[in-house]
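Below, each chain spelled out in residue letters.
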Amino acid sequence: MAARPRSTALLIDGDLRGGAGTFPTINPATEDALGQAADAGAQDLDDAVAAARRAFDDTEWCRDVELRVHCLRQLRTALAAEIDTLRAVTVAEVGAPITGTYGPHLQGPVDDLEYAAELAEGYGWRQRLGAAAPLGVPTRRTVVREPYGVVAAITPWNFPHQLNLAKLGPALAAGNTVVLKAAPETPWCAAEVGRIIAERTDIPAGVVNVVTSADHRIGAQLVEDPRVDLVSFTGSTATGRAVMAAASGTVKKVFLELGGKSASIVLDDADLSRAAAAAAVGVARHAGQGCAFTTRLVVPRSRYDEAVEIAADAMARVVVGDPADPATMCGPLISARQRDRVQGYLDLAIAEGGRLACGGGPPPGLTTGYYIAPTVVAGLTNDARVAREEIFGPVLVVLAHDGDADAVRIANDSSYGLSGAVHGIDPQRVAWVVSRLRTGTISVNGGVWYSADAPFGGYKQSGLGREMGVAGFEEYLEIKLVAEAE
Ligand code: NAD
């Protein structure tokens, strides 16, 4: 189904309505405007927070697990009923390769709402502590898990449905109400979820509010609002710092999913061809716009040139182009700004003394759209800025190591700690490396960690807290201890 240009609405207090103005949403593959999105102003945001506050304070939503489970299942069914429309929107607005919409770009996160519903259904909301008489008073003690209140969910553009639904699912399952502030680059994806909630579900007015805006200050306003109890933020580490600082004014909990510069380590007993090719293709997916992609390939020094060649060869074979074509693996970058930023890093790689083994700029023949050809950077050490900073494009930096300990040192020599990979045959050596890597997820010999029940998040400046899994659900729960005299 083709994505038709249209205008989108905000969802505030159960109503689909316009904002203070509108702003265009752009197809990054064609550079054409797809339509106009509602541009929320300060008053719209204020209304959204007020609605979420009322829905939390004045209704039984936060105590009615059965209603929440019903609504989550209903939302999943409703999104599934419109999956082809959502798919077209996602391809057009995000530039997501269409094959990805059958997985993490769309279908995966829609299906994962069932996991959130099951968690709420089977969760131990009340747990008894053992018999005790603290200070000599016989007391029955119960640990009760309760929702925080109003959640500010702020998301970036790269996997909008994954990001928006991985916050909405557990936040709602836990009993919170939500103001979802979507990225300025992908308002349509969020607005469609808002529309479907309003038109096809029993989710009560004010429980979910969807706000789109061209202005980042709307996000800042949301973080500072004293009526918000928890900020669940995904985005860059720089913005994460600003969010953390702004939230301190009202001492609200922040839960941060931030940037990464993850390493894929190839030990000297591993199948280098497989590992290097997989790393290269992995970074080219969705034009490298994945926070957890392993953008540094760390290989034995004695086989460095071979690894560069294998990676360049694999990248050169990646199909780049129209994201609506099922053969495409690497679509466009999200915007001209992001394309220019990535190009700046490729220029920097050369200025730093590196060489580009493939790619290096717009792919030949693709003059329209924000494309960069998958690129392998060689000849640099981990001190180079292109090896340290998050590029968020289809760029793999190949680095040399001098043994297992050196590989660990290089991988950990980063302010980030989001993800990583290890390739090796000897299980003891692999385990030695895994136990020393300071990252939130690690793939061993191609294992996949992405799953609704698997906690995802970062060490160090890649974030605070976990999304998905039971740990992700519990981020949205407060702890109340009730002590009853016996
Ligand atoms: P960004 O930080 O610029 O923006 C993210 C969101 O924050 C947007 O909605 C934006 O409008 C909002 N925002 C901007 N300034 C704000 C402020 N001062 N206060 C509150 N909100 C504000 O990120 P981006 O460039 O849109 O996205 C790419 C980044 O996201 C990359 O760094 C990537 O690694 C990261 N990311 C992380 C994860 C993860 O789970 N760890 C997942 C996806 C993307």
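Residues numbered from 1 in each chain as written. Predicted model: local features only at pLDDT ≥ 70, side-chain atom pairs only at ≥ 80, totals over all residues. Heavy atoms only, no water.

With that settled, consider the packing of aromatic side chains. Summed over all chains, the structure comprises 6 aromatic pairs. Relative to Phe473, the ring of Trp125 lies with its centre 5.9 Å away and its plane at 75 degrees, an arrangement referred to as edge-to-face. Here Phe473 lies in helix H16 (residues 469-474) and Trp125 lies in the loop between helix H5 (113-122) and strand S5 (126-128), a separation of 348 residues in the sequence. You'll find Trp125 and Phe473 in the same group, each marked buried. Here the aromatic cluster, defined as three or more aromatic residues joined through ring pairs, consists of Tyr123, Trp125 and Phe473. Above the face of the Phe255 ring, Lys167 is positioned so that its terminal group lies 5.3 Å from the ring centre. The cationic tip of Arg285 hangs over the ring face of Phe293; the distance from NZ or CZ to the ring centre is 4.6 Å. (Phe/Tyr/Trp six-rings, centres within 6.5 Å; stacked < 30°, edge-to-face > 60°. Helix = DSSP H or I, 4+ residues; strand = E, 2+ residues; numbered from the N terminus. Buried < 20%, exposed > 50% of the residue type's maximum accessible area, 1.4 Å probe, protein only. Lys NZ or Arg CZ within 6 Å of the ring centre and 35° of its normal.)

The next point concerns the environment of Arg385. Along the chain, the position of Arg385 falls in helix H13 (residues 385-388). Between the C-alpha atom of Arg385 and that of Ala312, which follows or precedes it by 73 residues, the distance is 21 Å. Leaving out residues up to four positions away in the same chain, Arg385 has contacts with Tyr345, Leu348 and Glu352. (Contact = heavy atoms within 4.5 Å.)

The immediate surroundings of the ligand are formed by 28 residues, with Thr155, Lys181, His216, Leu258 and Glu390 found nearest. Taking Lys181, its side chain carries an N or O atom lying 2.7 Å from an oxygen atom of the ligand. At a separation of 2.7 Å, an oxygen atom of the ligand approaches a polar side-chain atom of His216. When isolated, the ligand has an accessible area of 850 Å², and the protein chains bury 89% of it. Of all the elements in the fold, those that place two or more residues in the shell around the ligand are helix H8 (217-224), strand S10 (230-234) and helix H9 (237-248). Counting residues per element, the shell around the ligand draws most heavily on H8, at 3 residues. A domain split of the shell around the ligand shows at least three residues from each of domain 1 (6-258 + 463-485) and domain 2 (262-451). (Near = heavy atom within 4 Å. Polar contact = N/O pair within 3.5 Å; in protein donor to acceptor, adjacent residues only side chain to side chain. Areas by Shrake-Rupley, 256 points an atom, 1.4 Å probe, with all protein chains shown as cover. Domains from an automatic or database assignment.)

Quick look at empty space enclosed by the protein now. Empty space among the atoms becomes visible once a probe the size of a water molecule is rolled across them. Within the structure shown, the criterion is met by 3 cavities of 30 Å³ or more. Roughly 160 Å³ of volume is contained in the largest cavity. Residue lining of the largest cavity: 15 residues in total, with Asp112, Tyr115, Ala166, Pro170 and Met468 positioned closest to the centre. Of all the elements in the fold, those that place two or more residues in the lining of the largest cavity are H5, helix H6 (160-173) and H16. Residue classes in the lining of the largest cavity are distributed as 11 nonpolar, 3 polar and 1 charged. Lining the second largest cavity are 15 residues, with Ala263, Arg296, Ala411, Ser419 and Thr439 sitting closest to its centre. Elements represented by at least two residues in the lining of the second largest cavity include exactly strand S12 (262-266), helix H14 (404-412) and strand S17 (416-417). (1 Å grid on protein atoms, 1.4 Å probe; cavity = no way out; pocket = protein on both sides within 12 Å on 5 of 7 lines; lining within 4 Å. Points joined across faces, edges and corners; volume = space filled by probe spheres on them. Nonpolar A, V, L, I, M, F, W, Y, C, P; charged D, E, K, R; others polar.)

On to the packing of helix H1 (residues 42-57) against H8, then. Packing of H1 against H8 brings their axes to within 10 Å, and their N-to-C directions diverge by 35 degrees. For the element pair H1 and H8, the recorded crossing hand is right-handed. Packed against H1, whose contacting residues are Ala42, Leu45, Asp46 and Val49, the element H8 presents Ile218, Gln221 and Leu222 at the interface. Tallied by class, the residues present in the contact of H1 with H8 amount to 5 nonpolar, 1 polar and 1 charged. (Axes fitted to C-alpha atoms, helices over the stretch in contact; angles between N-to-C directions. Left-handed = near helix turned anticlockwise from the far one by under 90°.)

Looking now at the side chain of Gln338. Looking at where Gln338 falls in the secondary structure, it is placed in helix H12 (residues 336-351). A relative accessible area of 4% places Gln338 in the buried class. The residues contacting Gln338, other than those within four sequence positions of it, are Trp157, Gln289, Leu333, Ile391 and Phe392.

It is worth spelling out H5 at this point. Taken together, the buried positions of H5 are Leu113, Glu114, Ala116, Ala117, Leu119 and Ala120. Packed against the buried residues of H5 are helix H2 (65-81), helix H4 (107-111), H6 and H16.

When the UniProt feature table is mapped onto this chain numbering, "active site" (unreviewed entry) sits at Glu257. Mapped onto the secondary structure, Glu257 falls in strand S11 (residues 253-257). Overall, the relative accessible area of 3% leaves Glu257 in the buried class. (UniProt positions renumbered as here; feature names shortened; annotations may be inferred.)

Looking now at the pairing of strand S8 (residues 177-181). Along S8, 5 of the 5 residues are buried, which leaves the element largely enclosed by surrounding structure. Side-chain alternation along S8 places Thr177, Val179 and Lys181 on one buried face and Val178 and Leu180 on a second face that is also buried. One ladder, built from 5 bridges, connects strand S7 (residues 150-154) with S8; its direction is parallel. By the bridge assignment, Ala152 is partnered in S8 with Val179. You can see the chain leave S7, run along H6 and come back into S8, and the turn it takes is right-handed. The pairing of S8 with strand S9 (residues 208-211) spans 4 bridges and is classified as parallel. Looking at the pairing, Val179 lines up with Asn209 of S9. At this point the chain moves from S8, through helix H7 (residues 187-200), to the parallel S9, and the crossover so formed is right-handed. (Pairing = 2+ DSSP bridges. Right-handed = clockwise from strand over helix to strand, strands pointing away.)

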